[in-house]
Amino acid sequence: MSPLLAQVEIRERDDTCVADNGFCPDWIADNFDRYVDPFFQHVLLTVVAMGIGFAISFTLALVAYRRRWLINPVTQVTGVLYTIPSIAAFFLLLPITGRGFLTATIALVSYVLLIIFRNVLTGLDNVPADIKDAGRGMGLTDRQLLWRVEVPLALPEIMAGLRIAATTTVGLATLAFFAGAGGLGEQIFADITFKSNVVVAGVLAVLLAAALDGLILLAQRAVTPWTRAVSAA
Amino acid sequence: MNTTIAFLGQFGDAIEFIFNERESPAGGAQVGGLGEFWELTWEHLKLSAAAMAIACALSIPLGLWLGHIGKGAFLAINASNVGRAVPSLALIAFFVAYIGVGFENLTLALVLLAIPPILTNAYTGVRQVERDTVDAARGMGMTGAQIVRRVELPLSLPLIFGGIRISGVNVVATATIAPLAGVITLGDPIINVNTYGDEGRLAAAIVVALLAVATEVVLGLVQRAVTPRGLKLEAGGSARRLAIPIKRKEATT
Amino acid sequence: MNSSDSAHTTGPSPLSDAATLEFRSVMKRYPGQREPAVENLSFTVPAGEICVLVGPSGCGKTTAMRMVNRMIDITEGDILLDGRSVKERRPAELRREIGYAIQQIGLFPHLTVSDNIATVPRLLGWDRQRIRARVDELLELVSLDPHETRERYPAQLSGGQRQRVGVARALAVDPPLMLMDEPFGAIDPINRERLQNEFLRLQREIRKTVVFVTHDIDEAIKMGDRIAILRKGGKLAQYAPPAELLMYPANPFVEDFVGADRALKRLALQRVRDVDLWKAPLVRVGEPVAEARAKLGDAEVPYPLLVDDQGKPLGWLSERALAGERVEAELRSNPKPVLDIDDVLRDALADLLSEEAQYGPVVDHRGAVTGVLSIEILSHALRTDPEEVPSGADAL
């Protein structure tokens, strides 16, 4: 049992900085385009997984909001999916969906389901009862109340869930290469002992997570203007 | 229909792999069987437990203290946000590249991974203790340390264990890629598929999944056990099932 | 109010500007409970009147109110709005024709004041211009500046302002009936008084049928044209105008609930504008002293009252102010308590007592002095023949 797989060497032997396994800016500048494709694969994986995950869990949450008996079963199932480590998930799916983007996406989607389901539900449950009473008393139907009052007021919580989902998905997507879906993890894995490589790929992943987090935060500010209104006298 | 039988067959093979030894596809050594899996699982658990123990020893006192004095909110709360953004693979890779392989180095990496949820939750756990309760305790003449020990700690145990639960599952999951750093855990059949074969890889995946779920369940039971009865009656039923009570906004998920 | 703005833009039910409301043997029983929450409740509210439902907690007053707009289902009996059963209408449709104001107000935090008020008009499909005009009209009606308040969020308003927006929102489509559940309950006592007065002023203008729930008998007497006192189990103890309640309580429960000091409670039925005020000797700075002294001559107060250009009271003048040729601004005391012409006599009495004053200037809604009210006048009012005592909004 060998501790490390035989890896593809990506360094060139004659560069002294590289041979010493230091942090080599020159090498990074020269080889930066190695990281471009994996980066975009990473972005694609994250965005697609989040989109599908959100669509599924948001719908589930809306249904469970009215039919409370669903909350428990859905939470348990999504909870189990959340607990299964993504690598294990990739290979459990392998016999069924094979290697590639689909497998990785399914595993990533199943991970975000619990986060978003729970946050949407919490957000909706936190809408004060008197506001719902006033809305119904004014003549809003259940559906109008949901879309015009409850969902908007739940947005802060929902967006918070999206942010958490985004950052964790970026992290998990680094392992997606195990499922044959590429991503920045593939680059890390290609030469795991070479400092420059690890740092670049790692930093890119962290930057991506931070960027998505920031973007969603900006979106949250944009759609919830009332949360910033300072109480005036 | 054929694919169904086929993948059932693959799962069947994988289960078989767990129980019976066979020859490695790469030739030479014997692989598989309960004995081997037990060794791998044991190493996996050893690594995880070591990392968790150290992480708890570091973050719980720190979190409790920061929460008690009310300082360091930025650090405590953003620790989780930052921690979430760093992919585990990158962390391991960073350690391998800069610090080297081996059990101790890897444990250190996993400790870093495990700290943020526990720290954030310990901090939040103390902060969410009702001010009136702390006030009453102070009024009764308890010193700071006594307040932490007798009031704030017990009341924040549920949240702390929530954090331990999250970290525990994360660490067990990340220990799967430990072979990249030279520690042979259950991830070995997954990473070194040539040695173990496809059934071996699938078998390891199954065991890892079961191990993670078991960790979650066990820590969940512990969390429930340490929740003071008064709090259990107060909180709703669903709060128990998740790592974090639903209403706490600051706590990590 | 123009009938063009009323609730029935299109649609099957032509409701008048103010509707009559009838409770007909209404009962509400919750499953599994032995005692009904509301039992055999029958009374009629004439159009344009305020009916106050009052009683101890648990008496079913809120339950009764919420059955009108079907927020709670009627177990037995019926409620008729302008002769039509509320059970016939689809709930959401029915509610859009009834104004609804609750204690916690329930403004939508994510909408501006303007959007909050526009909620039901939008549901009914009004066009944007009509909505905008109506929002401004309503804001002015509740004494809020449209320009300043329109784009604010509820979080940026004070409690009193929120309450007014809540009332404006309830009035948005000019509904023929208003339901108000302790609407001023969450406000501090000082502002509550002001809001009560303003609402009564409003009611004088728009004359809606209102069902008003409160636990405070004093508020009931002040606000109601008719009062329905309920006892535990939703049984009607007495249904009568306030004066009748005070003078001829139907049973010991009512007598007890209304309180022994009925005479003073009667003071809640008359307003400052109802009694003959003393003439106020008003002078302005720079006026010839001779004129000022002349005014003082036939006044019942010993000192002249200094007012500004708009007639607002600044204070009572001292002798030194009249020493020279022209009146100077030398005050011996501030003008407190300044009484509002729409104040009920009871509140005016309380204000006089708290300032330890024998009298105080009375101002109209613009703040200009119209006369002086004194303790003497009040004690005379206490001895006035009960038959002459008018009820709540009629007094306005």
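Details of the structure are given in the entry above.
Residues numbered from 1 in each chain as written. Chains lettered and ligands numbered in written order. Predicted model: local features only at pLDDT ≥ 70, side-chain atom pairs only at ≥ 80, totals over all residues.

Here we look at the overall build of chain B
To be explicit about the condition: The helix and strand labels rest on DSSP assignments: H or I over at least four residues marks a helix, E over at least two residues marks a strand, and numbering proceeds from the N terminus. Put simply, a residue is buried when 20 or more other C-beta atoms lie within 10 Å of its own C-beta and exposed when 12 or fewer do; between those, it is partly exposed, and each C-beta is set from the backbone. Contact definition: two residues whose C-beta atoms, as placed from backbone geometry, lie within 7 Å.
Looking only at helices and strands, one finds 11 helices and 2 strands in chain B. Looking at chain B as a whole, 49% of its 253 residues qualify as buried. Residue pairs at least 24 apart in sequence account for 74% of intrachain contacts in chain B once pairs closer than 6 positions are excluded.

Comments concerning the pairing of strand E1 (residues 21-28) of chain C
Residues and elements named next belong to chain C. Selection criterion: Criterion used throughout: strands pair if DSSP finds at least two bridges between them.
Two elements, E1 and strand E4 (residues 76-81), share 5 bridges in a ladder whose sense is antiparallel. Paired with Leu21 across the strands is Leu81, a residue of E4. Summarising the sheet, E1 and strand E2 (residues 38-45) pair through 5 bridges and their orientation is antiparallel. Bridge pairing in E2 places Lys28 opposite Val38.

So, the interface of chain C and chain A
The condition that has to hold: As a working rule, the residues Ala, Val, Leu, Ile, Met, Phe, Trp, Tyr, Cys and Pro are called nonpolar, Asp, Glu, Lys and Arg charged, and the rest polar, with Gly in that last group.
In this complex, chain C contributes 19 residues to the contact, which on the side of chain A involves 19 residues. Taken together, the elements giving at least two residues each to the side of chain C that touches chain A come down to helix H2 (91-95) and helix H4 (119-123) of chain C. Sort the elements by how many residues they give to the side of chain C that touches chain A and H4 of chain C lands first, with 3 residues. Its residues placed into classes, the side of chain C that touches chain A shows 10 nonpolar, 7 polar and 2 charged.

Some details on the interface of chain B and chain A
Listed by partner, the interface residues are 43 residues for chain B and 41 residues for chain A. For the side of chain B that touches chain A, the elements supplying multiple residues, two or more each, are helix H1 (2-19), helix H3 (73-85), helix H4 (88-98), helix H7 (144-174), helix H8 (188-191), helix H9 (193-226) and helix H11 (238-241) of chain B. When residues of the side of chain B that touches chain A are assigned to their parent elements, the largest contribution, 10 residues, is made by H9 of chain B. Looking at the side of chain B that touches chain A, its residues break down into 30 nonpolar, 8 polar and 5 charged.

Observations regarding the sheet that holds strand E8 (residues 209-214) of chain C
In any sheet, the strands associate via hydrogen bonds between backbone groups, in a parallel or an antiparallel arrangement. Residue and element names in this part refer to chain C. The condition is simple: Convention adopted: a line fitted to C-alpha atoms gives each axis, helices being fitted over their contacting stretch, and angles between N-to-C directions are expressed from 0 to 180 degrees.
What the 6 strands build is an open sheet, ordered E6-E7-E8-E3-E9-E10; its pairing is mixed. Pairing within the sheet leaves two strands with one partner each, and these edge strands are strand E6 (98-101) and strand E10 (235-240). Averaged over all adjacent pairs, the angle separating strand axes in this sheet is 15°, with direction ignored. In this structure, E6 lies alongside strand E7 (residues 177-181), joined through 4 bridges in parallel fashion. Looking at E7, one finds that Ile98 is bridged to Leu177.

Quick word on the pairing of strand E17 (residues 369-374) of chain C
Pairing analysis gives 5 bridges linking strand E16 (residues 359-363) of chain C to E17 of chain C, with the strands arranged antiparallel. Counted as the bridge partner of Tyr359 of chain C is Ser374 of chain C from E17 of chain C.

Topic: the packing of helix H5 (residues 103-127) of chain B against H7 of chain B
Residue and element names in this part refer to chain B. Put simply, the test is: Here the angle decides the label: under 35 degrees means roughly parallel, over 145 means roughly antiparallel, 65 to 115 means roughly perpendicular, and every other value means oblique. What makes a crossing left-handed is the near helix being turned counterclockwise from the far one by less than a right angle; a clockwise turn instead makes it right-handed.
Where H5 contacts H7, the two axes come as close as 8 Å, and the packing angle between them is 160°. With respect to H7, the element H5 is oriented roughly antiparallel. For the element pair H5 and H7, the recorded crossing hand is right-handed. The segment H5 lies against H7, with Leu110, Leu113, Ala114, Pro117, Ile118, Thr120, Asn121, Ala122, Thr124, Gly125 and Val126 engaging Glu152, Ser156, Leu159, Ile160, Gly162, Gly163, Ile164, Ile166, Ser167, Asn170, Val171 and Thr174. Residues belonging to the contact of H5 with H7 are distributed by class as follows: 12 nonpolar, 10 polar and 1 charged.

Concerning unusual backbone geometry
Residue and element names in this part refer to chain C. A cis amide bond links Lys336 to the next residue, Pro337, at an omega of -5°. On the secondary structure map, Pro337 appears in the loop between strand E14 (331-333) and strand E15 (339-340). In this model, Arg207 sits at a positive phi of 50°, which is unusual for a non-glycine residue. Relative to the elements of secondary structure, Arg207 occurs in the loop between helix H8 (189-206) and E8.

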